[in-house]
Amino acid sequence: MRIVFMGTPDFAVPSLQALLDAGHEVAAVYTQPDKPQGRKQILTAPPVKELALAHGIPVFQPDTLKKEEEQARLRELAPEVIIVVAYGKLLPKAVLDIPPRGCINVHGSLLPKYRGAAPIQQAVIDGEKESGVTIMRMGTGLDTGDMISRIVVPIAKDETGGTLFDKLAEAGAKLLVETLPHIFDGTAVYEKQPEESPTPYAGMITKQMGLINFGKSAAELERLVRGLNPWPSAFTFWNGKTLKVWESFVVKSEEAGTEKPEPGTVVKTDKKGIYVACGEDVLVLSQVQLEGKKRMDADAFLRGCHIETGSRFTDKKE
């Protein structure tokens, strides 16, 4: 089966590897342009590009697929199908129409829920009990194409955006190679999606989304901490510095021995963590990272940084 693969981040790597392991002919890989990363802004290739080059597969990194010359090159490659996994660019209709078997997308949610760029993190943040992967035939809408196959993946109580990301990447790769033969032999069943999704569009994750509003319930914030781990992380401010929160848990206000202090107030500290009053219940910050310091358990952090009961975390640097 002659395939053109389009993908960029780590999430797409298992799918490309699975296609190669299954013996499919990957004629070319399309991925986002190299980008500067880290403090030194070193130009870095996307993970999918590194895998493709390791296997001697031609790699193309156009800024857009809307140009006629890019579409002409795709037609020359003559793919039977285009596989798209977290590519990060919209495919115009002219591209969708090139492969006779269509453009097939591996999407990290149980469609029609969580259409959009960040379905994995959003499922954790929203407290969903399960997530999964949907293989669909792409249309002109955003994640609205016909569904072909799905796999359900339970969300653990301690699930982070990162751990669920890894689980769905592997599950999606397996489902992709199981589904492709049905697409090629014509036995695939295409299920039309409803026009409206039962969940809001899962837009791109931004750093600002991680700012902790202690006026929300502790349960909501505990999910936010997990959903945004490892990137961009939940955070607050203490003594004019950013404090990232990597792990946390919830206790009832009465268990913390407090009435109803103002949200953001430290009600106590112990070896388990920093107990912070919320709009409902108390969030215990159990693993944190102060700006310029290493990530550490709260017990170790508190040995070097004294936080007084009654002090408050803020939503901006002061």
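First, a word on what this report is: a plain description of the structure on this page.

Calculation notes
Residues numbered from 1 in each chain as written. Predicted model: local features only at pLDDT ≥ 70, side-chain atom pairs only at ≥ 80, totals over all residues. Heavy atoms only, no water. Helix = DSSP H or I, 4+ residues; strand = E, 2+ residues; numbered from the N terminus. Buried < 20%, exposed > 50% of the residue type's maximum accessible area, 1.4 Å probe, protein only. Contact = heavy atoms within 4.5 Å. Areas by Shrake-Rupley, 256 points an atom, 1.4 Å probe, with all protein chains shown as cover. Lys, Arg positive; Asp, Glu negative; His and termini not counted. Charge placed at Lys NZ, Arg CZ, Asp CG, Glu CD. Axes fitted to C-alpha atoms, helices over the stretch in contact; angles between N-to-C directions. Left-handed = near helix turned anticlockwise from the far one by under 90°. Nonpolar A, V, L, I, M, F, W, Y, C, P; charged D, E, K, R; others polar. Salt bridge = Lys/Arg side-chain N within 4 Å of Asp/Glu carboxyl O. Core = buried A, V, L, I, M, F, W, Y, C linked by side-chain atoms within 4.5 Å. Patch = residues over 30% accessible without salt bridge, like charges linked within 9 Å, V, L, I, M, F, W, Y side chains within 5 Å. Arc of directions from axis to C-beta. Phe/Tyr/Trp six-rings, centres within 6.5 Å; stacked < 30°, edge-to-face > 60°. Lys NZ or Arg CZ within 6 Å of the ring centre and 35° of its normal.

What follows deals with the overall build of the protein chain. Summing up its helical and strand segments, the protein chain has eight helices and 15 strands in all. Across its three principal axes, the protein chain shows a C-alpha extent of roughly 65 × 45 × 30 Å. The burial tally for the protein chain puts 50% of its 318 residues in the buried class. When contacts within the protein chain are restricted to residue pairs at least 6 apart in sequence, those whose partners lie at least 24 apart make up 65%. Carbon and sulfur atoms form 51% of the exposed surface of the protein chain, whose accessible area is close to 15,700 Å². Between the mean site of the 39 positive side-chain charges and the mean site of the 42 negative ones, the protein chain shows a separation of 4 Å.

This part covers the packing of helix 1 (residues 13-21) against helix 6 (residues 161-185). Closest axis-to-axis distance for the helix 1/helix 6 pair is 8 Å, and the angle between their directions is 35 degrees. Relative to helix 6, the crossing made by helix 1 is right-handed. Listed contacts from helix 6 to P14, S15, A18 and L19 of helix 1 are A169, E170, G172, A173, L176, V177 and L180. In terms of residue class, the contact of helix 1 with helix 6 is built from eight nonpolar, two polar and one charged.

With that settled, the discussion passes to the pattern of salt bridges. Evaluation of the coordinates by the stated rule reveals 14 salt bridges. The shortest N-O distance in the salt bridge between K49 and D34 comes to 3.1 Å. On the criterion of sequence distance, the pair formed by K49 in helix 2 (residues 47-54) and D34 in the loop between strand 2 (25-30) and strand 3 (35-37) is long-range, its members being 15 residues apart. Taking the relative accessible area as the measure of exposure, K49 reaches 14% and is therefore buried.

By size, the foremost hydrophobic cluster in this structure holds 37 residues, and its most contacted members are F5, L19, V29, I83 and L180. By residue number, the principal contributor to this core is helix 6, which donates nine residues. Excluding its chain neighbours within four sequence positions, the residues that come into contact with I83 are I3, V4, F5, M6, L19, I104, L176 and L180. Counting 27 residues, the second-largest nonpolar core is a separate cluster that includes I205, V288, L302 and C305.

Once that is clear, we can look at a nonpolar patch on the surface. A grouping of L90, L142 and Y201 is seen on the molecular surface, where their side chains present a nonpolar patch of about 350 Å² in accessible area. Within the secondary structure, Y201 sits in the loop between helix 6 and helix 7 (218-227). Looking at Y201, the relative accessible area reads 48%, which means it is partly exposed.

Further remarks concern helix 2. Every α-helical turn comprises 3.6 residues, leaving residues that sit three or four positions apart pointing alike. Among the residues of helix 2, V48, K49, L51 and A52 are the ones counted as buried. Within helix 2, the buried residues cover an arc of 165 degrees as seen down the axis, which keeps them to one side. Exposed side of helix 2, more than 90 degrees from the buried face: L53 and A54 are the residues found there. Summarising the contacts, the buried residues of helix 2 are in contact with strand 1 (2-7), helix 1, strand 2 and strand 5 (59-60). Phi for G56, located one or two positions after helix 2, is positive at around 70 degrees.

The tally for this structure, following the rule as stated, stands at five aromatic pairs. Measuring from ring centre to ring centre gives 5.7 Å for F235 and F237, while their planes differ by 80 degrees; the resulting arrangement is edge-to-face. Like F237, F235 is buried. One cation-aromatic arrangement involves R137 over Y190; the distance from NZ or CZ to the ring centre is 3.9 Å. Taking the ring centre of Y275 as reference, the NZ or CZ of K268 above it sits at 4.7 Å.

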